[in-house]
Amino acid sequence: MFKKSTVALIALILIWGASWPINKLAVPYSPPLLYAGQRALLGGILLTVIIWKTREKVNWRENWQKYCIGAFFNTILFFGLQTAGLLYLPSGLFSVLVYFQPILLGLFAWLLLGESLSPVKILGLFLGFVGVAVVSVDGLTVHVSAIGVTLGLLTAVSWAFGVIYVKKISKEVDAYWMVALQCIIGGFFLLGTGSVFESWSAIEWNRNYLSGLGFGATIGIPLAYILYYKLVNAGEASKVGSYTFLIPIVAVLLGVLFLGETVTYSLVIGMLLVAISIYFVNFQHKTKSKSISND
């Protein structure tokens, strides 16, 4: 189980890390809401086809409200606010705000789920956020939009609440169907909103756009969210959330390798801070496990 969870965690980090440069290449060729809605809807439909034989687990009459709430936080708000926020802020600064989520996740898990929040864990979460900020500092600009900052923080809040909610109801709904239906419901809403305020004719169906759409619809959304919720439900939400600090690091490294971006001292320092953060967040947990086994 440890090896499987480790592989799943590494896969998740690589998938979401790769999503940033891939979306960076695709977003300019489509209005943001239509792009986000297409990825979510297609991803949900694909997952539905794969798990269709287990449709008796949906229990729509009993769980439809849960699916709608999950879609509201994890698809409509998260993808909607994220795409809108990128119109006001540089991607570097916006990613720092979005990855404030693990800190919020740790706090919400403590307040709502009763998970432990020791001083060492608090320090680890703080260092992880500082590490992400240091890595992204080269991409920041002097001009900062108040609207963009607000949208970035709201994206982090909606993501944290969405993860907490999914974990809280994890025993009441099937994890696969939760991902599929929240993507379909949220995707329809985003496409409907985009159809009103944006134009389908503005989409350029070129290689970059189709690559981003295909990646998001098959790997970036359905597979990644299944891995994420499975990992969160298997352990402490704040502990699993701490590893998401690695995602911007992976995104920067992939940008260096495939987009010609340069390596800086801030990148090296930030990666060290992230490594220390993960150690601190998990140190307390390992210590407790050893003491229990000794007893």
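Refer to the structure above for everything that follows.
Residues numbered from 1 in each chain as written. Predicted model: local features only at pLDDT ≥ 70, side-chain atom pairs only at ≥ 80, totals over all residues. Heavy atoms only, no water.

What follows concerns the side chain of Lys 66. Mapped onto the elements, Lys 66 comes out in helix 3 (residues 60–85). Not counting the four nearest positions on each side in its chain, Lys 66 is found in contact with Tyr 165, Ile 169, Glu 172, Val 173 and Met 178. (Helix = DSSP H or I, 4+ residues; strand = E, 2+ residues; numbered from the N terminus. Contact = heavy atoms within 4.5 Å.)

With that out of the way, let us pick up the packing of helix 3 against helix 9 (residues 207–234). Running from N to C, helix 3 and helix 9 point in directions that differ by 120°, and their axes come no closer than 14 Å. Looking at the two axes, helix 3 sits oblique to helix 9. Seen from above, helix 3 lies across helix 9 with right-handed handedness. Where helix 3 abuts helix 9, its residues Asn 74, Phe 78 and Phe 79 lie against Ile 221, Tyr 225 and Tyr 229. Of the residues contributing to the contact of helix 3 with helix 9, the split by class is 5 nonpolar, 1 polar and no charged. (Axes fitted to C-alpha atoms, helices over the stretch in contact; angles between N-to-C directions. Parallel < 35°, antiparallel > 145°, perpendicular 65-115°, else oblique. Left-handed = near helix turned anticlockwise from the far one by under 90°. Nonpolar A, V, L, I, M, F, W, Y, C, P; charged D, E, K, R; others polar.)

The subject of this paragraph is the nonpolar core. Judged by nonpolar contacts, the single largest core of 61 residues is most densely connected at Trp 16, Trp 159, Tyr 225 and Tyr 228. Here the element with the most residues in this core is helix 9; it accounts for 10 residues. If near-sequence neighbours (up to four positions away) are discounted, Trp 159 is found in contact with Trp 16, Asn 74, Phe 78, Val 98, Tyr 99, Gln 101 and Tyr 228. Counting residues in hydrophobic clusters, the runner-up holds 9 residues, among them Leu 34, Tyr 35, Ile 184 and Ile 203. (Core = buried A, V, L, I, M, F, W, Y, C linked by side-chain atoms within 4.5 Å. Buried < 20%, exposed > 50% of the residue type's maximum accessible area, 1.4 Å probe, protein only.)

Its 13 residues give helix 11 (residues 246–258) an end-to-end C-alpha distance of 18 Å, which sits within 8% of 18 Å, the value for a rise of 1.5 Å per residue. Within the span of helix 11, buried status applies to Ile 247, Pro 248, Ile 249, Val 250, Ala 251, Leu 254 and Gly 255. (Expected span 1.5 Å × (residues − 1).)

What follows covers the packing of helix 2 (residues 32–50) against helix 3. The contact between helix 2 and helix 3 brings their axes to 9 Å, and the two run at 145°. Note that helix 2 runs across helix 3; the crossing there is right-handed. Between helix 2, through Pro 32, Leu 33, Ala 36, Arg 39 and Ala 40, and helix 3, the contact on the second element is made entirely by Thr 75, Phe 79, Gly 80 and Thr 83.

Take it as geometry only, folks, not as evidence of what the structure does.
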